[in-house]
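If you want the building blocks of each chain, they are given just below.
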Amino acid sequence: MLPVFGHLNPDTDAIASALVYAHLLSRQGLPAQAYRLGDLNFETPFVLQKAGVEAPPLLPVLGAGTAVALVDHNESAQSAPNLRDLQVTRVVDHHKLGDLTTMQPGFLRFEPVGCTATLLLKLHREARLSVEQADAWLMLSAILSDTLHFRSPTTTPDDREAVAFLAPIAGVRDVTAYALELFAAKSDLGDTPAAELLKMDYKVFPFGEAAAPQRWGIGVIETTNPGYVFGRQAELMDAMHAARQADGLDGVVLGVVDILNGTNRMLIPGEMEAAVVQAAFEAPTVNGVADLGNRISRKKQIVPALEKHFEASAEARA
Ligand SMILES: [Mn+2]
């Protein structure tokens, strides 16, 4: 069985795409099994219940050389800890290419669309396979989640078309109402400890050149209720300081995205982060918060600006 998995700190796309891709490969005669690389967030159990699908099991430790398929990520810092010893044979992803290498020629499908599930629908069509109802639920939900129901600048016409195609198969009559249910589930954070909130949708990115490498942890909380998150600002700041130290990072930031208004106010725990965010985004930090306006996409707006900033500072040093 080919293990198929998405990134650490999985979001709905990472889980749904692993399940759908494993099912698609199995239907095509390549037995595959979906796994997850961490606990589910608050939105995904709602999606799985609607789809009538069980959560995939946690990825066990895989022996060196095991063939694996990746979905919704490709960078080793966001993957299984021993990814470099594994044999990546397939990747379906919509993120920038990171440090991926393969031992053999592989099946790689990368497109700058809003969601991995949009690419999985294309793979169904290219294979001339019908889409089953549970898979339609999973893909539809992942696309609505990743694109914030088309509010994210990562949204493409392909994502919109995929949702229009999948909704009747899933049996969703009112996509807008379903998206709001999804966002309500995502925003129901309860009394989750701050350290968990920080890491719920959190990725580590390497920046800069080899001579002066930087590793930053970038978390995002997408919510319809940002007031709740800012009510816990002090605890979150403590959790960010702790994560920076424990994980040996150069910076940690946490974007708080107001889903319905399409705005991002980022929590900035220290002076170093504040200086970088000022330089990269021209956004001053006031009382620990930098207003990034409508820059709500980590992959399309936050990470590229930081990458550019650290490249420019490397050039300035050279
Ligand atoms: Mn995704």
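Residues numbered from 1 in each chain as written. Predicted model: local features only at pLDDT ≥ 70, side-chain atom pairs only at ≥ 80, totals over all residues. Heavy atoms only, no water.

Side note on the packing of aromatic side chains
All chains considered together, the criterion is met by five aromatic pairs. Aromatic pair Phe-207 and Phe-310: ring centres 5.3 Å apart, planes at 25 degrees, arrangement stacked. Linking Phe-207 in strand S6 (residues 202-207) with Phe-310 in helix H11 (residues 298-317), this pair joins segments that are 103 residues apart in sequence. The buried category is assigned to Phe-207, whose relative accessible area is 3%. (Phe/Tyr/Trp six-rings, centres within 6.5 Å; stacked < 30°, edge-to-face > 60°. Helix = DSSP H or I, 4+ residues; strand = E, 2+ residues; numbered from the N terminus. Buried < 20%, exposed > 50% of the residue type's maximum accessible area, 1.4 Å probe, protein only.)

Quick word on the sheet that holds strand S9 (residues 263-267)
Taking strand neighbours across the sheet as the criterion, the six strands line up as S6-S7-S8-S9-S11-S10 in an open arrangement whose pairing is mixed. This sheet does not close on itself; its edge strands, each paired only once, are S6 and strand S10 (285-286). Of the pairings in the sheet, the one linking S6 to strand S7 (residues 214-223) comprises six bridges and is antiparallel in character. Bridging across to S7, Tyr-202 finds its partner in Gly-219. (Pairing = 2+ DSSP bridges.)

Remarks on the coordination of the manganese ion
Distances from the manganese ion to its protein donors, namely Asp-13 (OD), Asp-72 (OD), His-94 (NE2) and Asp-146 (OD), fall within the range 2.2 to 2.3 Å. In primary-sequence terms, the residues that donate to the manganese ion follow D-x58-D-x21-H-x51-D. Taken as a pair, Asp-13 in helix H1 (residues 12-27) and His-94 in the loop between strand S4 (87-93) and strand S5 (107-110) lie far apart in primary sequence, 81 residues in all. Each of the two residues, Asp-13 as well as His-94, counts as buried. (Donors = N, O, S within 2.8 Å, 3.2 Å for Na, K, Ca; no water.)

Considering the domain arrangement of the protein chain
Looking at the protein chain, the domain boundaries give domain 1 (2-186) and domain 2 (194-317). The straight-line distance from the C-alpha centre of domain 1 to that of domain 2 is 25 Å. Counting residues at the interface gives 20 residues for domain 1 and 19 residues for domain 2. Of the roughly 1,800 Å² buried between domain 1 and domain 2 on both sides combined, carbon and sulfur atoms contribute 61%. It is Asn-9, Leu-148 and Pro-153 in domain 1 that bury the most area against domain 2; as a group they hold 27% of the surface buried on that side. Taken together, the connections running from domain 1 to domain 2 amount to two salt bridges. Among the ionic pairs, Glu-222 bridges to Lys-186, the shortest N-O distance being 2.9 Å. Taken together, the links from domain 1 to domain 2 amount to seven residue pairs in polar contact (both at pLDDT 80 or more). Per-element tally for the side of domain 1 that touches domain 2: the top contributor is helix H6 (residues 175-187), with three residues. The class makeup of the residues in the side of domain 1 that touches domain 2 is seven nonpolar, nine polar and four charged. (Domains from an automatic or database assignment. Contact = heavy atoms within 4.5 Å. Buried area = accessible area lost by both parts, 1.4 Å probe. Salt bridge = Lys/Arg side-chain N within 4 Å of Asp/Glu carboxyl O. Polar contact = N/O pair within 3.5 Å; in protein donor to acceptor, adjacent residues only side chain to side chain. Nonpolar A, V, L, I, M, F, W, Y, C, P; charged D, E, K, R; others polar.)

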